[in-house]
Amino acid sequence: MTESQGAENLLADGVPADQEYSKDYWDNVFEQLGKRPLVKMALAVLALLYGSGIYAPLIANDRPYLLEAIDKKEYSDARKGLAGVAGSLSELAAKDEATFRREREALGVETTQTYLEAARSECDGMILRIDAMLKYLPAERHGPLDELAADVEGVFASLEGGDRAAAQSAATGVVERAREIRSTYKAEDVQLESVTSLPVLESTTTTEIFFMVLWAFILGWPVWNRMVNRILLKGDRERIRENRKTKVAAVLGTSLVCAFLWSVLVGGSMTFETSYFKERLTNGDIEAERVVYPPLRMGFAETHMAEAFRPPTWKDYAEINEEGYYVRGPRVPEPDPVTGHIRDAQPVDVRYGEPETNSFLRHPLGTDQMGRDLLVRLFYGARISLAVGLISTVLLVVIGVVIGSIAGYMGGLTDILLSRLIEIVQCFPAFFLIITAVAMIPEKTLHPIYTIIFFIAIVRWTGVARLVRGEFLRLKEQEFAVAARALGLSTWRIIFRHVLPNALGPVLVAAAFSVAAGILTESAISFLGLGIKHPIPSWGSLINESRDYEHWWIQIFPGILIFVTVFCYNLVGEGIRDALDPRMKV
Amino acid sequence: MLQYILRRLLWMIPTLLGISIVVFGLIHLAPGDPAAVKFSGMASGESQVGANEEDMIRKFRERHLLDQPLWKQYVHYLGPFNLGPKGHSWFGGSGDDPWNGILVGDLGNEFRRPTVEIAGEVVQRLKVTVPLALISIVVSYLLALPIGIYSSVRRGSVLDVTSAVLLFLLYAVPTFWAGLMLQLLFGKGMWDLLPVLGLHDKDADDLGRVAYWIDLGKHLILPVVCYSYASLAYLSRQMRVGMVETMSQDYIRTARAKGLSEKVVVLKHALRNSVIPILTLLAAILPILVGGSIIIESVFDIPGMGKYAYEGLLLREYNVIMAVTLISALMTIVGILLSDITYALVDPRIRYD
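Quick look at the structure, then. (Residues numbered from 1 in each chain as written. Chains lettered and ligands numbered in written order. Predicted model: local features only at pLDDT ≥ 70, side-chain atom pairs only at ≥ 80, totals over all residues. Heavy atoms only, no water.)

Re the overall build of chain B
Piece 1. Secondary structure summary: chain B contains 12 helices and 0 strands in total.
Piece 2. Sequence-ordered secondary structure for chain B, helices as α and strands as β, is α-α-α-α-α-α-α-α-α-α-α-α.
Piece 3. Sequence separation of 24 or more characterises 65% of the internal contacts of chain B that already satisfy a separation of 6 or more.
Piece 4. Surface summary for chain B: the accessible area is close to 18,500 Å², and the carbon and sulfur share equals 65%. (Helix = DSSP H or I, 4+ residues; strand = E, 2+ residues; numbered from the N terminus. Contact = heavy atoms within 4.5 Å. Areas by Shrake-Rupley, 256 points an atom, 1.4 Å probe, with all protein chains shown as cover.)

This is the structure we're talking about:
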């Protein structure tokens, strides 16, 4: 299945199939893996699952991708506030420093603010409001506001220069001008222009950008790797092999550069002074000209209290009428047998851009006890669940490889001591110890995510260590290791550059299984209610939100994702094991 | 061999000590102590009560040496050493709260219910957990052996492939989720076939003897399924691999060449040699089942050891946590030791010196 690309007959990585070359260890492993469609599929599913976590903000968000709008509220608040702030600025200018201090003391305000600093903050208040107005004003109406800004700076300059008389008169001018602007610049009277912003992008963190770019590379790997191999490296095996590290470095480097560029260009800026876009769009504070929303238009922490525990909306009994009552099925409210009173319900709150109350797209997988959309939370939950498995595995592999290779290579007393350590740690009741740590260490000291990661690594490294030790015992007397020693290379170099690369195969297998185990452990702990709770959920903690059989959707869907992930990792582990050595059993 | 076992048994002492030090340090160093949990219910009230409460907390901490340095607490935990303030005599704590230390097998009392001895409570709980685990082990072996034998003999048959795929799928199912799904399917939500919580019905005491056991059995079905499916998947896989390997041995060919029937070859010659390594896996499964009890007992609301451990964690019952840790560590160690010994007994080529 790897060949037959027309006349050229290329292998999957863009190399002519008939080209003769000597395979190294990893060539063999990759070739074997390429022959296993199940493993490939599992890897693809995993890449998609991780992608859904990484791109969660792009898939599901209560912010729009693109918003072309006028924030009327912001504008008119700024306009109304202008005169007030100007007033207090002129009041301040009228006082001398001693009066200022006396008044502050009389008020009992404890502050270290000096006279000048107080003046500066008033001026900043003015400038802020002026800028907020300028944002929405057409260029021809900027004049008076620009002048006002200049005047404000003038007031401060004279105050700084100690010229209080000039400052006072300038401040009076500012007040007058501000009053005038307040009456002539009403939103109804001027033609406001909408401002374009990219709220989703603005709210993304640098780390998220890094992983988004990185993952784009990983998802596109089958395509670009092939192209690079064919066009840049001319399908030459030797060069492909030599350039493996360059490729990795280039991918990581590009992602880092992108993240850096983003943090310089966009980082921290917010065009609209809000994080509640939908609310402000719904109540008309923001008047939108153009809105482009992500496919799922709800935030992971956005609540719809009227829709608490609403079943998936494709179920017919999820239908809600206009007063907020269920229409069909077991959730139709029944009047109280004694008083005849029907439990109150709120009408469903349909916010800007959201699907209609009974649209099947509204909550495709139902909601939780606060009416948060389960599907959206699953996307965000992927981040925690998958990260815990992966990071804990990286940690435990590092610990295991270091200890195992030292024990295996050094032998003697070091080996005995380290082997005893391994034996002792193996006797730890692993799951209970991790649970204990999570239950005991409070969130303030160490976030449960890190507690779980850390303790999984601490109790589970022994398997890898034993594997590596065994491999080292086998490898260290082989010719290449003896030759390396004979060449007088340093011990560290022999261990990490010569022997270890040949011992990594089994470690890779163990790593795949331990990611699966890590995900299972985290989800079990979170399910017990001890682990990760908020604000971002994990799949396990989502299940913990209800154990009532009436809320089946909460229990079923996150579990399916855990299962699929673990299953894929098991497949990959099995696949690599078979690829390395069909007869090997770990 | 005897020497080897003795040495291994001796090694248990430093191992258990190490584990107890780690866990003891972990739970005592973490902020917040049982006094806070125990008296948190009385937090609100007048200043009079507040002062009273503070006094109680202070006395409580003093009695349990919670105000002492960590090493003193640990040594006190170990045994009857006179380290406390004047109230603590040689043989254990103050007069009304004797403490003999872990070295003489005293697991102490609960904080919340000071009259309850943890040792007694643990025995009560183990009476629930251990039979449950044993039943599950027996069930998974009883199913795994035939599946493994069949699929190794009929390699590549439809049944072999389907069972392999199914078991591989099962192996990836999270235990707690399996429990929840079983509850959904068999509980009131769908088929309403089996009770999904607890071990007995509310009116179990009024039932006759037979009805009582039937009731108990019904309650046990789902937890046992939940306990055993993962080990079933693991065991049957190992069994199949082992059998396949054995079947390719020379002596099997010899047996066939002698003209023995296939049944005799498989069930007598091959099975004997491949079943024993599977039995040694028992030792590896045992500690996993103990760990799994926390999850399963919490899902099915069974008052066993796992539930006790979970409650102990929530309430910061230091003694309970330590007791559970030591017991499960002991089980793990004994399990590993047993598996090593059985290996040696089974295969005389393995020598220990």
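Text resumes after the structure shown.
Comments concerning the packing of aromatic side chains
Piece 1. What the rule picks out here adds up to 15 aromatic pairs over all chains.
Piece 2. For the ring pair F24 of chain B and Y74 of chain B, a centre distance of 5.2 Å and an interplane angle of 70° mean the geometry is edge-to-face. With a gap of 50 residues between them, F24 of chain B in helix α1 (residues 2–29) and Y74 of chain B in helix α4 (residues 70–78) connect regions that are remote in the sequence.
Piece 3. Taken together, the aromatic side chains of W552, W553 and F557 of chain A make up a single cluster linked through ring pairs.
Piece 4. Cation over ring: R120 of chain A sits above F156 of chain A, and NZ or CZ is 4.6 Å from the ring centre. (Phe/Tyr/Trp six-rings, centres within 6.5 Å; stacked < 30°, edge-to-face > 60°. Lys NZ or Arg CZ within 6 Å of the ring centre and 35° of its normal.)

What to know about the sheet that holds strand β2 (residues 195–197) of chain A
All names here are of chain A.
Piece 1. One open sheet accounts for 3 strands, arranged β2-β1-β3; its pairing is antiparallel. Looking at the sheet topology across the chains shown, the edges are occupied by β2 and β3 (286–292). Here the strands of the sheet are splayed against their neighbours by 25° on average, with no regard to which way each runs.
Piece 2. When strand β1 (residues 66–71) meets β3, the two strands line up antiparallel, connected through 6 bridges. Its bridge partner being in β3, L66 is matched across the sheet by V292.
Piece 3. Along the sheet face, helix α4 (residues 72–94) touches β1 and β3 and points at about 35° away from the line of β1. (Pairing = 2+ DSSP bridges. Axes fitted to C-alpha atoms, helices over the stretch in contact; angles between N-to-C directions.)

Describing the pattern of salt bridges
Side chains carrying opposite charge are able to pair once their charged atoms draw close together.
Piece 1. One pass over the full model with this rule turns up 36 salt bridges over all chains.
Piece 2. With a shortest N-O distance of 2.7 Å, R177 of chain A and E147 of chain A are connected by a salt bridge. Remark: E147 of chain A occurs in helix α7 (residues 143–161) and R177 of chain A occurs in helix α8 (residues 164–184); sequence separation between them is 30 residues.
Piece 3. Among the residues examined, E147 of chain A registers a relative accessible area of 41% and is labelled partly exposed.
Piece 4. Between R125 of chain B and E311 of chain B there is a salt bridge, and its shortest N-O distance comes to 3.7 Å. With a gap of 186 residues between them, R125 of chain B in helix α5 (residues 118–153) and E311 of chain B in helix α11 (residues 305–315) connect regions that are remote in the sequence.
Piece 5. Residue E311 of chain B is classed as partly exposed on the basis of its relative accessible area, which comes to 30%.
Piece 6. What emerges from the salt-bridge pattern is a single network uniting K278, E302, E307, R310, D349, R351, E354 and R362 of chain A. (Salt bridge = Lys/Arg side-chain N within 4 Å of Asp/Glu carboxyl O. Buried < 20%, exposed > 50% of the residue type's maximum accessible area, 1.4 Å probe, protein only.)

What to know about the environment of R239 of chain A
All names here are of chain A.
Piece 1. Of note, R239 is situated in helix α12 (residues 237–242).
Piece 2. Discounting chain neighbours no more than four positions away, the residues touching R239 are L232, L233 and K234.
Piece 3. Of note is the side chain of R239, whose polar atom sits 3.4 Å from the backbone oxygen of L232. (Polar contact = N/O pair within 3.5 Å; in protein donor to acceptor, adjacent residues only side chain to side chain.)

Describing the interface of chain A and chain B
Piece 1. Facing the 41 residues of chain A at the interface are 43 residues of chain B.
Piece 2. Counting the surface lost from both chain A and chain B, the interface buries some 3,800 Å², and carbon and sulfur atoms represent 80% of this.
Piece 3. For the chain A face of the interface with chain B, the top three residues by lost area are C427, F432 and M440 of chain A, together amounting to 19%.
Piece 4. Scanning the region where chain A abuts chain B turns up 1 salt bridge.
Piece 5. A salt bridge links R237 of chain B to E574 of chain A, with the nearest nitrogen and oxygen atoms 2.7 Å apart.
Piece 6. Only α16 (412–426), α17 (430–440), α21 (491–527) and α23 (552–580) of chain A provide two or more residues apiece to the side of chain A that touches chain B.
Piece 7. For the side of chain A that touches chain B, the element with the highest residue contribution is α23 of chain A, accounting for 13 residues.
Piece 8. A class-by-class count of the residues in the side of chain A that touches chain B yields 29 nonpolar, 7 polar and 5 charged. (Buried area = accessible area lost by both parts, 1.4 Å probe. Nonpolar A, V, L, I, M, F, W, Y, C, P; charged D, E, K, R; others polar.)

Limitation: the analysis is restricted to geometry and does not speak to function.
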